[in-house]
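Now for the letters of each chain:
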Amino acid sequence: MTVETAVVLSGVGAYVPEKRLTNDDLSQIVDTNDEWIRSRTGIRERRIAADGQTTLDMAEQAALQAIERSGVEKEDIGLIVVATMTPDMPFPATACLLQDRLGIGQIMAFDLEAACSGFTYAVQVAEGLLRTGRIDHALVIGADKVSGILDWEDRATCVLFGDGAGAAVLSRVDGRDIGILDCLSRSDGSDPSLLCQPAGGSAMPARQQTIDARGHFLKMRGRDLFKVVVKVVNRLCRDVMERNNIRPEDIRWIIPHQANLRMIDSMAKYLEIPPEKFFVNLERYGNTSAASVPIALEEVISKGEIETGDLILLVAFGAGLTWSATLIRWH
Ligand code: ACO
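Residues numbered from 1 in each chain as written. Predicted model: local features only at pLDDT ≥ 70, side-chain atom pairs only at ≥ 80, totals over all residues. Heavy atoms only, no water.

1. A short note on the sheet that holds strand E8 (residues 179-187)
Put simply, the rule is: A pair of strands is treated as paired once DSSP finds two or more bridges between them. In DSSP terms, a helix is any run of H or I states spanning at least four residues, a strand is any run of E spanning at least two, and both are numbered starting from the N terminus. Interaxial angle, 0 to 180 degrees, is taken between N-to-C directions of lines fitted to C-alpha atoms, where a helix line uses only the stretch in contact.
With mixed pairing, the four strands of this open sheet are ordered in space as E8-E13-E12-E11. Bordering the open sheet on either side are E8 and strand E11 (251-256), each of which pairs with just one other strand. Taking the axes of each pair of neighbouring strands and ignoring which way they run, one obtains an average angle of 15° across the sheet. As defined by bridge partners, E11 adjoins strand E12 (residues 311-318) across five bridges and the pair is classed as parallel.

Below is the structure:
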């Protein structure tokens, strides 16, 4: 008899920093107000990492929770992928630093940069490696300290983002039609200026001029991004549903990247899926980049809102552009 293999999320964890930054707090920093931010984005407050607290520190907390909940022994983990656009250093990879912090053996560890789609991209990569049979468990993390690359003089961007980390242990188990049913990731690099950090790479290495030009901060063409994202995410979700013979009513939760409530409402409208099926917690955390989907997933699980057999669709989008979905039948 053939034993079929499934890949399940055996444990999910999340971490957000203590410090809350409300819209009123922001109005003391830039020319903005609570009404503008809430009506344009849905965000009320976000968490900001403490001085000296890094992406690695947040990733570690989320990872420890995910590992504990998975019941998997650390020594049985064969891969660490940290999805981040704000690593502790350009190199070495934050995943390697995490391997040491967690006291895990000398396993494969690397960072993956797909901005806000990083977690679902990393899940797809880890799932593929698990299915080779060479490893049994993988630790996948989405973590970003976006506050470190925000221009706190640019009201159009600094109000949107927050810091945090989310993690999942992915495990290979015997079974069929459970766990990760499908992954679909796409990209389009034709217009990097939609969302980018222009300086600090080989095209514009760090120099006094790049600092003076504020080139090390996140730049975004928000309105253009909004239009493109809603369109491509709609196509992506429809393709995932079609190729898995799934109707919108079969899905218990869509867990979207928590960028903007108006964006999520537009997705619901174009997909013709009731907005109640979209899990939203961005009012408390803002856009935490690669951390946003796993933080939201952890919250749905902790609230007891997922049952065995439920279909869950994770959907993310971010700089690149990248966009990506994971279809899961909860185990
Ligand atoms: N407070 C008050 N006024 C503001 C603020 C602010 N924080 N920010 C911008 N404004 C002003 C602008 O200066 C402009 O004023 P003007 O008309 O006098 O020039 C006016 O508000 C309108 O500006 P727009 O940028 O056109 O505002 P828009 O309605 O498009 O909303 C927003 C901006 C919220 C950024 C929206 O475009 C959006 O959500 N886009 C999607 C961006 C996003 O979510 N990106 C992340 C996805 S990918 C990833 O997560 C990495």
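There's more to say after this.
2. Section: the packing of helix H8 (residues 222-243) against helix H9 (residues 261-271)
For any two helices packed against each other, the geometry is given by the interaxial angle and the distance between the axes. Using the following cut-off: When an angle is under 35 degrees it counts as roughly parallel; over 145 it counts as roughly antiparallel; between 65 and 115 it counts as roughly perpendicular; any other value is oblique. For a crossing to be left-handed, the near helix must be turned anticlockwise from the far one by less than a right angle; the clockwise case is right-handed. Any two residues whose heavy atoms approach within 4.5 Å at even a single point are treated as in contact. Polarity classes work like this: nonpolar for Ala, Val, Leu, Ile, Met, Phe, Trp, Tyr, Cys and Pro, charged for Asp, Glu, Lys and Arg, and polar for all others, with Gly in that last group.
Remark: H8 packs on H9, axes separated minimally by 9 Å, with the N-to-C direction vectors making an angle of 45°. If you check the angle between H8 and H9, you find them oblique. Remark: the crossing between H8 and H9 carries right-handed chirality. For the pair formed by H8 and H9, the contact residues are Leu225, Phe226, Val229, Val230, Val233, Asn234, Cys237, Arg238 and Met241 on the first element and Arg262, Met263, Ser266, Met267, Tyr270 and Leu271 on the second. Taken together, the residues of the contact of H8 with H9 break down into eleven nonpolar, two polar and two charged.

3. Focus on the sheet that holds strand E1 (residues 5-15)
With mixed pairing, the five strands of this open sheet are ordered in space as E1-E7-E6-E4-E5. The strands lining the two open edges of the sheet, one partner per strand, are E1 and strand E5 (108-112). In this sheet, adjacent strand axes meet at a mean angle of 20° when their direction is disregarded. Alignment of E1 against strand E7 (residues 163-174), held across ten bridges, turns out to be antiparallel. Its bridge partner lying in E7, glycine 11 is registered against valine 169. The strands touched by helix H3 (residues 55-70) within the sheet are E1, strand E4 (77-83), strand E6 (137-145) and E7, with E1 carrying the most contacts at an inclination of about 130°. Helix-sheet contacts for helix H11 (residues 292-302) involve E1 and E7, and the interaxial angle to E1 is about 95°.

4. Observations concerning the site of the ligand
Operational definition: A single heavy atom is enough: if one lies within 4 Å of a molecule or strand, its residue is considered near that molecule or strand. N or O atoms within 3.5 Å of each other form a polar contact, as long as, within protein, one can give a hydrogen and the other can take it, and as long as residues adjacent in sequence are counted only when both atoms are side-chain atoms. Only the protein chains shown count as cover for residues, with accessible areas throughout obtained via the Shrake-Rupley method and a probe of 1.4 Å.
Within the structure, the ligand sits among 24 residues, and Thr32, Cys116, His257, Asn260 and Asn287 are positioned closest to it. The contact in question runs from an oxygen atom of the ligand to an N or O atom on the side chain of arginine 40, over 2.9 Å. At a separation of 3.5 Å, an oxygen atom of the ligand approaches a polar side-chain atom of arginine 262. Starting from 1,000 Å² of accessible surface for the ligand in isolation, the protein chains cover 76%. When residues in the shell around the ligand are grouped by element, the largest group, four residues, is from H8. Class assignment of the residues belonging to the shell around the ligand gives a composition of twelve nonpolar, seven polar and five charged.

5. Details of a positive patch on the surface
Put simply, the test is: Here, patches come from residues exposed beyond 30% relative accessible area and free of salt bridges, joined within 9 Å for like charges and within 5 Å for nonpolar side chains (Val, Leu, Ile, Met, Phe, Trp, Tyr). We define a salt bridge as a side-chain nitrogen of Lys or Arg found within 4 Å of a carboxyl oxygen belonging to Asp or Glu. Just so you know, the count uses Lys and Arg for positive and Asp and Glu for negative, and it drops His and the chain ends. Lysine's charge is taken at NZ, arginine's at CZ, aspartate's at CG and glutamate's at CD.
Together, Arg40, Arg223, Lys227 and Arg262 give the surface a local cluster of positive charge. As for its placement among the helices and strands, lysine 227 is situated in helix H8.

6. A closer look at the environment of arginine 44
Heads up, the rule is: Relative accessible area decides the class of each residue, using a 1.4 Å probe on protein chains only: under 20% of the type maximum gives buried, over 50% gives exposed, and in between gives partly exposed.
Tracing the sequence through the fold places arginine 44 in the loop between helix H2 (34-41) and strand E3 (45-48). With a relative accessible area of 48%, arginine 44 lands in the partly exposed category. Residues arginine 44 and methionine 241, spaced 197 residues apart in sequence, show a C-alpha to C-alpha distance of 33 Å. With residues near it in sequence (within four places) discarded, arginine 44 still touches Thr22, Asn23, Arg38 and Glu283.

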